[in-house]
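# Structural characterization, general
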Amino acid sequence: MHIRAIYWSILFGSFVLAASTLAVSMLLDIKGVSDQFLGEDKLIENLSALSFFCVSIMSLVLVYRGTRQKILCGVLAILGISGFLDEVGFGTRLIDSKIHKVYGVPLDGLHDLFTIVIRWLSKYASTPEILAFILAVVLIVYMSARWGRKHISRLVQLIKSGPEFWFLFIAIVFAVIASVIDLDFFDHRSIEGQVFQFLEEMLELYVGLALLFSCISVYLKDSVDRRSLGKN
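All figures in this text were calculated on a predicted structure; none of them were measured in a lab. (Residues numbered from 1 in each chain as written. Predicted model: local features only at pLDDT ≥ 70, side-chain atom pairs only at ≥ 80, totals over all residues. Heavy atoms only, no water.)

### Focus: the overall build of the protein
When helices and strands are counted, the protein shows eight helices and two strands. From first element to last, N terminus to C terminus, the protein shows the α and β order α-α-α-α-β-β-α-α-α-α. Relative to its full complement of 232 residues, the protein shows a buried share of 35%. When contacts within the protein are restricted to residue pairs at least 6 apart in sequence, long-range pairs at least 24 apart make up 66% of them. (Helix = DSSP H or I, 4+ residues; strand = E, 2+ residues; numbered from the N terminus. Buried < 20%, exposed > 50% of the residue type's maximum accessible area, 1.4 Å probe, protein only. Contact = heavy atoms within 4.5 Å.)

Listed below in structure tokens is the structure:
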């Protein structure tokens with residue numbers, strides 16, 4: 001089976017299983033089960049942390065083994081360790097230390113910075129500050145558009161060039177969606193809030209899995225290259 005098909009099979013299969021288990025536990029009011037899917041330091045978040053940790057280790061091993069994709073593996077190593085630290089609250093929850101809050105947001109992850117900026121703009125920023133932020137966003141979009149005209153085709157070709165880059169792209173897309181969901185538009189005590197919280201946790205897991213599959217793709221390609229050199 002193609003490696004991308006394996007990834008999508010795992011994604012859809014695990015999502016259906018997790019969603020079904022969560023729905024049944026909520027309908028039957030089975031205590032403790034839903035918390036494994038929604039709570040911090042529980043099943044899904046621990047699986048996400050484990051996947052990110054494996055990414056960091058595997059990418060470093062690939063670099064040590066002399067892979068041709070050293071730059072990609074270096075990026076994967078950075079993303080892996082960053083994702084792992086983000087999932088474990090940069091160690092604050094492991095040692096049960098008091099987490100500093102900014103505008104009511106526990107500052108224990110990189111993605112929290114995005115949430116803090118949005119809350120500051122919506123509640124505390126003055127009109128000039130909001131206008132300055134909007135201007136900065138417009139400039140970034142404009143510069144990205146200009147850059148994109150020259151390089152977007154190259155990026156598309158890079159993504160199509162191998163599954164390792166395709167999985168990296170999927171990971172970035174899922175990470176962006178999870179960050180938007182994390183902005184707390186819904187009360188987590190409501191059904192809608194719990195659904196979006198579940199989606200966020202599952203997407204973060206799928207980010208880690210996508211990065212892990214990127215590492216596996218690099219390993220498989222290296223294995224093919226070594227066999228080809230051995231035959232020659």
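What follows continues from the structure just given.
### A closer look at a nonpolar patch on the surface
There is a patch of nonpolar side chains on the surface, built from Val 24, Leu 27, Leu 28 and Ile 30 and spanning about 420 Å² of accessible area. One can find Ile 30 in the loop between helix H1 (3-27) and helix H2 (33-38). On the basis of relative accessible area, Ile 30 is assigned to the partly exposed category, the value being 38%. (Patch = residues over 30% accessible without salt bridge, like charges linked within 9 Å, V, L, I, M, F, W, Y side chains within 5 Å. Areas by Shrake-Rupley, 256 points an atom, 1.4 Å probe, with all protein chains shown as cover. Salt bridge = Lys/Arg side-chain N within 4 Å of Asp/Glu carboxyl O.)

### Quick word on the side chain of Ser 51
Relative to the helices and strands, Ser 51 resides in helix H3 (residues 43-64). Residue classification places Ser 51 among the buried positions, given a relative accessible area of 5%. Setting aside its immediate chain neighbours within four residues, Ser 51 contacts Leu 205, Gly 208 and Leu 209.

### Side note on the packing of H1 against helix H7 (residues 163-181)
Viewed as axis vectors pointing N to C, H1 and H7 meet at an angle of 30°, and their least axial separation amounts to 10 Å. Here H7 runs roughly parallel to H1, going by the angle between their axes. Facing Ile 3, Arg 4, Tyr 7, Trp 8 and Leu 11 of H1, the residues of H7 in contact are Pro 163, Trp 166, Phe 167, Ile 170 and Phe 174. (Axes fitted to C-alpha atoms, helices over the stretch in contact; angles between N-to-C directions. Parallel < 35°, antiparallel > 145°, perpendicular 65-115°, else oblique.)

### Some thoughts on the confidence of the model for the protein
Mean pLDDT over the protein stands at 78; residues scoring 70 or higher make up 67%. H3 holds the highest mean pLDDT among the elements of the protein, 92, whereas strand S1 (residues 101-102) holds the lowest, 54. (pLDDT = per-residue confidence, 0-100.)

### Some thoughts on the nonpolar core
Counting residues in hydrophobic clusters, the biggest one holds 36 residues, and the most contacted among them are Tyr 7, Leu 76, Phe 174, Phe 198, Tyr 206 and Leu 211. Going through the elements one at a time, H1, H2, H3, helix H4 (70-87), H7 and helix H8 (191-231) are the ones with two or more residues in this core. Considering every element that reaches this core, the biggest residue donor is H8, with 13 residues. Once residues within four sequence positions are removed from consideration, Phe 198 is found in contact with Phe 15, Ala 18, Ala 19, Leu 22, Phe 37 and Leu 38. (Core = buried A, V, L, I, M, F, W, Y, C linked by side-chain atoms within 4.5 Å.)

### A word on the state of the cysteines
What the rule picks out here adds up to zero disulfides. Summary of cysteine pairing: Cys 73 is not part of a disulfide, and the nearest cysteine sulfur, belonging to Cys 215, is at 6.1 Å. With relative accessibility at 0%, the residue Cys 73 sits in the buried group. (Disulfide = S-S within 2.5 Å.)

### With respect to the environment of Gly 162
By the secondary structure assignment, Gly 162 is in the loop between helix H6 (127-161) and H7. Given a relative accessible area of 3%, Gly 162 falls into the buried group. In this structure, the C-alpha to C-alpha distance between Gly 162 and Val 218, residues 56 residues apart in sequence, is 9.0 Å. Gly 162 has contacts with Arg 4 and Lys 221, leaving out every residue within four places of it along the chain.

### Quick notes on the pattern of salt bridges
The final tally for this structure, using the stated rule, is one salt bridge. A salt bridge links Glu 164 to Lys 221; its shortest N-O distance comes to 2.8 Å. In this pair, Glu 164 is assigned in helix H7 and Lys 221 in helix H8, connecting sequence segments 57 residues apart. Lys 221 sits in the partly exposed class, given a relative accessible area of 32%.

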